Structures are given as C-alpha cells and as structure tokens.
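# Observations on the three-dimensional arrangement
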Amino acid sequence: MRVLIIGAGPAAAAVALAVSKSPDVEIQVLDVGGRLEDENDAARLRMSKSEPSRWATRDEQIISQTAVASEHHRLPEKRIFGSDFPFRDFGQLDGVRVDGGLNSHVVSGAYGGFSNTWGAQTMVFSDATFNDWPFTRSELEEDYRAILNAIPYSAEEDDLAEYFPLWGPADALPPLSENPERILTSYDRNRVKVRRQGVLMGKARLAMRGAKCVSCGLCMTGCPYSLVYSASQTFDDLVRSGRVDYVGGHLALSVGEEDGRPFVSARSQSTSRVETFHADKVFVACGALGTTRLVAQSLGMWSRRIHMSESAQFLMPFLSLRGMRKLTQDGSFTLNQFNIVLPFDEAGHDLVQIHGYPYNEAMDDALPTLLKNPALKAVGVALLKRLTVGLGYLPSWWSPGFDVTFERPASEGELAPMTLTPSATGEAESRRRLRAVVRRLVKAAPYLGVMPVLPQVALSAPTKSYHFGASFPHSRTPKEGLESDVLGRVHPWRDVHLVDASVFPSVPATTFTLSIMANAHRIARTVMEETRG
Amino acid sequence: MAKAHGQLIGVTGSNGYLGRSLVAALRKENLDVVEYRRVALDADASEKTRVLDLGAPMDPSVFEGVTCLVHGAWDLRETDPRRAWERNVEGSKRLLDAALDAGVQRVIFLSSMSAYFGTKQDYGLMKLAVERAVLEANQVVVRPGLVYGAESGGMAATLSKLARLPVIPVFRGAHQFTLHVDDFLGAMVTLIVSDDVPSAVVGLAHEPPTPFNEIMVALAPNERGPAKTVSIPWHPLLTTLRVAERLNVPLPVRSDSLLGLVRPAPNVPGRDVASELGLSFRPFSVTGE
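Below, the structure is looked at part by part. Predicted, not measured: the structure shown is a model, and the values here were computed from it.

Rules used in this analysis
Residues numbered from 1 in each chain as written. Chains lettered and ligands numbered in written order. Predicted model: local features only at pLDDT ≥ 70, side-chain atom pairs only at ≥ 80, totals over all residues. Pairing = 2+ DSSP bridges. Helix = DSSP H or I, 4+ residues; strand = E, 2+ residues; numbered from the N terminus. Contact = placed C-beta atoms within 7 Å. Axes fitted to C-alpha atoms, helices over the stretch in contact; angles between N-to-C directions. Buried ≥ 20, exposed ≤ 12 C-beta atoms within 10 Å, placed from the backbone. Arc of directions from axis to C-beta. Nonpolar A, V, L, I, M, F, W, Y, C, P; charged D, E, K, R; others polar.

### Considerations on the sheet that holds strand 16 (residues 418-422) of chain A
Residue and element names in this part refer to chain A. In space, the five strands of this open sheet follow the order 3-16-15-10-19, with mixed pairing throughout. Each edge of the open sheet is held by one strand with a lone partner, namely strand 3 (96-98) and strand 19 (468-469). The strands touched by helix 8 (residues 288-299) within the sheet are strand 10 (306-310), strand 15 (402-406), strand 16 and strand 19, with strand 15 carrying the most contacts at an inclination of about 35 degrees.

And the structure:
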C-alpha cells in the first residue's frame, strides 16, 4: 500500500507518525520544502555544538535577528534563525490577494511549515470543546497521547489541569523569568481571590525539551539546540530511518480520484513541469488555507465565498509593580511562560486564553517613539523591566473570522487566485467579549501584582492569529462540497483525506497545533485500521 | 441497579452529618463499608476504618479492595484560604489520583450547591475546582441541596439554631434548594450501586427553590407561637462578619456561609441524569411529608 502526504507541517507529521507504524505501507511526502538559508543554517549548526559562552558573535548576530514590524499589524512578524523562510513565498503564495489589511503570509511553504516559528504551546482542547464536534475528546485521547509521546513536552500539573489534562510524560519547564515567576507566586498566594474574578492560571505547556534548556534566551528567534519542536524534526527522523520518501520542491495544484484511485498533480519548482503522483490514500496537510485552495481548485469552487473560522488574537501588555533586576533575555527561556484562562461557562466550552511572554529584545522596538529618545531612555528601560506581554485568543464563535474566494486559474500549471476579505459581521461581538475579559483582569490584576496597560489592549486583524480553519468542517452527515466526514473526506472523494485545521468544526481559544496533530493522527490511524480490516 | 453485593464502599468524611448518615444507610442495605478517618480508632473498630488525612501524602494502598469511593471529607476548620485550598482542593486531587491508581472503579465527590459557575464563595470556588478534577477523571459529582431531616446537621442545624431566636433574621430574595435527608440517602445508594452512572454533575435537591424566610419559619419551634421575622440587609452583616473573622472573634455563622445563603445557586444541575436514574426529591417540609 502506498500513502501520499501533501505538506510537511504538523498535521503531515502526525499522519506520518501514525502511518509509519504500519511496516508494509510506503509513505511519500510531497512538499514545497522551503529551507533556511545555508549561511544561517551553518551558523545555527556551529552554535548547536558549543556552549553559549563560546558562540561566535557573528553567528549570534545572524541567528538572533528579532521580529520585523509588518504593515497594518500591531504585532511584528517573527524571524527564525535570522530568516523569514516560514513566511516567504516559495510559490505557495502565488495569487494570494488580501483586502482590509489582512495578513497575506497565510500559507507556509517551509519544510516543517509554520511550526518552524510557532509558540510551541501544547495543551489539549477542553472536553466541552467537543460538544460542537461529531466525536468526543475521549475518542481523541489515544491520539493526543501518541503525539505527546512523540514530541518534546514540558508541562507541570497545576490549576490548568482542571480543564486540560497533561496526558503524557513531561519535563519540568526551565526556570521562569523574574516577572512571570513573581506573577505565578502572587497567584499561588491569592488564588481564591483571583479565581473569584473568573480567572485561573498555570505554567505554560510547551513542545520543548525543558530538561536540556540552557536558558540562552533565544527561543523566540530560534533555539540553536533544536530543543523546541518543529515538524521538520519528525520528518528528519523518518527520512533518516528510511521510513519516508520526501519529495521537496513540488507545489500541489490539484488532487482527485480517477478510476477509484487518488492522484495529486504538482508542479516541480525546478522544471516547472506538472507531474502526477498516484497512491492508495492521499492525506492533504497544506495548512487550513493551502488545503482549502487545493480542494476549491480541484473541485472547481469558483467564486463561492467560503468562511474561515478564526480564533481572534488580542494583545494585552501587563506592567508589574516590581521590575526585573536587569533588562536582559539571557538566563531564561523566552517562550510563553504562563497561561491565563478565563472560563465563561461552567462546562469549559467558552474559554478565553492568554499566554504570558517575558521580556525579549523584540519588545525594545515596540516602545513608543518618544521613549526611544536618549533623554527618556531610562523611562523606557524601567517600563520594559516591568513588561509582560499577554497574547490572548477568543474562541472562533466570538471572532469575526474571514472569507475566502477563488477564481479559475489562467492555466493548468498555476494555483487558483485566492482573495481573503474580512467578514462583514462579528467584530462587535469580539470587542464586547474582549471588554468582558478586560473587566475580569482589571479586578484580578492587583492580586497578581500587575496592571493591564489598557490603552495598548488591541484586537489583531483577522488572519493574524494563524489559528483558523473550519472551511470543510467534520460532520456525521456532511453536506456536499461544504463539509467533510469524520475522516476528512469531501464528496465525492473516498481516499483523499483532509487532515489539518480545515476540517475542524470550530476553533477554540486554547492552543491549536497539538489538537491539529492529534486529529490528523486519529484520521490516519483510523484509515489504516479500516484498510487492514 | 445491580451491583449491590461484592462491593466495598469507601466513605471519607464519615464524621460529618452526611457521611455518618450515609455510612449507616449503606450498612442498612447490607453493603460493606470502610470509613476513612483522620486519626486511627481503637483496634476493635479498625477493620471498618482506615486512616486518611487530606493534608498528608496519599498512599494508594489505603484504597485496596474499595470499588466505590464517596469523598465527602472537607476540613472546615481551616479559615486561611491558601491553607484551606492546599488541604481541601489539592488534598482531594491527590486522593482522586490515588484512588483511581489503586483501581477504585467509581468516585463520587460530595460537592455542594454553593459550587456553581460564578460563585463568589470561597467554599464554592474550592468545591468547584475539585469538581473539575473529578469530571476530568470521568467520575461523578453530586451537589446536595440544603439537607434537612429529623436530626439535621451542617447548615440546616445552624439555621435551626438561628430559628430559635425571638426574632428570626431573614434576607430578602434569598432562597435555597432543599433536600430531605432520606432522599439524599436514597439517591446516594442508587448512585453507588447502579451499573451505569455518567460522569456528570448531579444536583440532589427539590426544584423550585424554597424562599429563605419560609425555611426559617418552618424551622422555628412550634411551641412559641407564630414566628417573628425581620428582614435585614445582608451587605452590612457580611462586612461585620468579615471584620469579626479578621479579629478572630468566634462566630456562629461564617461570612462565607452567609454569602452562600444570599447568593444561592441559580438552578439544580443534572436534572436529566437524576431523572434517568429515577431520583426524586420531595418539596420542603420539616416533617418530611
């Protein structure tokens, strides 16, 4: 049996993990395969072989380039090992048009996809999230566990376990930065008072090898020791062991079934020729928008408006009453350090989540221009020493999301032009919910020794959260062309399975990628089980 | 119902009114019961009792042989919220993990109607946190209403004492979901012996609620003639109680309990589960009729 996986991001990695357990199955991965530049990769490699104290300054400069401000958006675009390769156009962004200030870097062409640059948040969805889904969290538990066993994982049992079980052996997190540590200590001391305001907290749960962290502070710009998970690590292992045949440099243009057998047409980036690949099963894992475009192009969904549900992102900076002793990102990891969860119902369905990030050098650029003036530098430093940046998410049912339409491509060898537009409704609801979040946090903040910086609280533009999907949501009784069945199949396909967030029935505010991987693993595992009979 | 025999039922909190009544009811049903207590009893009683302290590390071996564990223990002596959390919430989570590790098939957590979403009561918040852990472990939560009966204990006993005052204080708009002790015991036996009980929060109480002044008038001694009530504003009383607690003045009612009376649960959860299990709850009457 031959299985073809399109893409090499987290969903694709999860499928590969599930399928690779069947020794008689050939696995081929078709991917655009954009890579980190050689110079940057060489610097990363040199650094990975020595302690931070022995790093060459030039190497450090190359790979620690901080985020770059992007037009229209409050948050800058991250750089990883000094490169924009997870966001760069390797052909996969051809024909992407955006209206209304949306983000155009919505499909990654990188080997490993956006997991090269993600926040590494790793929590299961709450049980009640699945009230809107055609299967339960219990049915996904073995897949969550399989993924958590296959990726690095650092987590600790705390109040968050009331909604999000750990479900796997985990390293402890490395020591936290000063401000987050102090905030969590205050929470511990005033837990009942904080929870009375409808706020609970716990340490971050991350796809990283916490036990090996050397606290060099470079997490946000790329861990030189590869301690933060990327889907590319899974593929590196599977390719090295001969379990996966990886075919890079190919951009999938259409997928379908011919005489009952699935195929994929893809354009070779080197020859520009369109080639056809056949398999017994095809798993489509191009990221929610990449997959949506591939399906729309393959089934001729021209000029139809498809709604993408998105968990809207918001920014909420906090200032601590006491600051760090020294303004530096060294001596700590700099990924998310704690999570704030605000339940809005008893079951745990309507949850809002905020990730707390400590100081890192990218924040220097975010200071108001006035405070960058040398005369006021001391004030700026004092503020930065007290700053913790909260990056929050609302569930998709309180978020506007956005719409996407496709046009017929000019020729066979091109991707269908894709236009993203803001949804006409939903923003008022987001703002109303965000105000409710702010009200709770203002009441809880004194017990945590912080204050939210209210003028800086802002909703990000649609598409900016990267937590979007639900274009072909799973359903027990899928509507033709609008929904997929529980194995991610859109009519009329029987052996082509969509496995990324495009098949999510909803996008909760809680962390995203682990559930994408677990669901992709569930689909692939079930398909393999059914095939074996 | 099926599992009546061959079971060993563990009950924590059997010193309290509900736990004590439950142990007696289970033994009356010829069920084997082991009671968990903080301190060891004399040798004669030791076969039917085991030692368990919520504040101490939990040894799974204390649950050996137990098929169903009813967890009702809650240390109300601790008034500092941080220490109360550590002892009751973290202790209950440790107990839950240890019981499940030891192979206990069903854990039933005795929560409270104070544990509703949005409660401001410390007690309710702590019970709610344990409820979440119990539900995450696919176990059962029950929320009994205000339990009354021939020999009331707990809050009902406190209210009975207050009802003996020459003038009975009542709070405008306050109400309680009530539960006769016999209905509580019947429901618990059903939850323990039934084969299929879903992981859910099951409210054990009569609905609709009974106005607080009706409860107090009914609890007043008959021989004194018609009860006299006075409606008092609860905010100043709450502040007074909180100040007194800060000054370590011993009080018959805690500020947190007052909050539970004046800000009760909005409804009884899990009515569908109760109905499927055939549980019913009589309307409030001190005679139990």
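### A short note on unusual backbone geometry
Cis geometry marks the peptide bond from His491 of chain A to Pro492 of chain A; its omega dihedral reads 10 degrees. With respect to the helices and strands, the residue Pro492 of chain A is situated in the loop between strand 19 and strand 20 (496-498). Each neighbour pair has its own omega, and for Glu207 of chain B with Pro208 of chain B the value is 10 degrees, a cis peptide bond. Along the chain, Pro208 of chain B turns up in the loop between strand 11 (201-204) and strand 12 (210-211). Positive phi, normally seen in glycine, also occurs at Asn138 of chain B, with a value near 60 degrees. Inspection of the secondary structure puts Asn138 of chain B in the loop between helix 3 (122-136) and strand 6 (140-144). Exposure remark for Asn138 of chain B: the 14 C-beta atoms within 10 Å place this residue in the partly exposed category.

### Topic: helix 6 (residues 212-219) of chain B
All names here are of chain B. Among all positions of helix 6, only Phe212, Asn213, Ile215, Met216 and Leu219 are buried. For helix 6, the arc enclosing every buried residue in end-on projection is 160 degrees, short of the 170-degree limit, so these residues lie on one face. Packed against the buried residues of helix 6 are helix 4 (154-162), strand 8 (167-170), strand 9 (175-176), strand 12, strand 13 (228-231) and helix 8 (255-262).

### Some remarks on the interface of chain B and chain A
On the side of chain A, eleven residues touch chain B, which itself brings eleven residues to the contact. Among the elements of the structure, helix 2 (81-101) and helix 3 of chain B are those that each provide at least two residues to the side of chain B that touches chain A. A total of six residues in the side of chain B that touches chain A trace back to one element, the largest contributor, which is helix 3 of chain B. Classifying every residue of the side of chain B that touches chain A gives six nonpolar, no polar and five charged.

### Description of the sheet that holds strand 5 (residues 106-110) of chain B
Residue and element names in this part refer to chain B. Read from one edge to the other, the open sheet built from seven strands follows the order 3-2-1-4-5-6-11, with strand pairing classed as parallel. Of all strands in the sheet, those with a lone pairing partner are strand 3 (49-51) and strand 11, marking the two edges. Put simply, the sheet's adjacent strands are angled 20 degrees from each other on average, direction ignored. Relative to strand 4 (residues 68-71), strand 1 (residues 8-12) runs parallel, the two being bridged by four bridges. Among the inter-strand pairings, Ile9 is bridged to a residue of strand 4, identified as Cys68. Contacting strand 1, strand 4, strand 5, strand 6 and strand 11, helix 5 (residues 181-193) crosses the sheet at an angle of about 175 degrees to strand 6.

Structural measurements only, silent on function.
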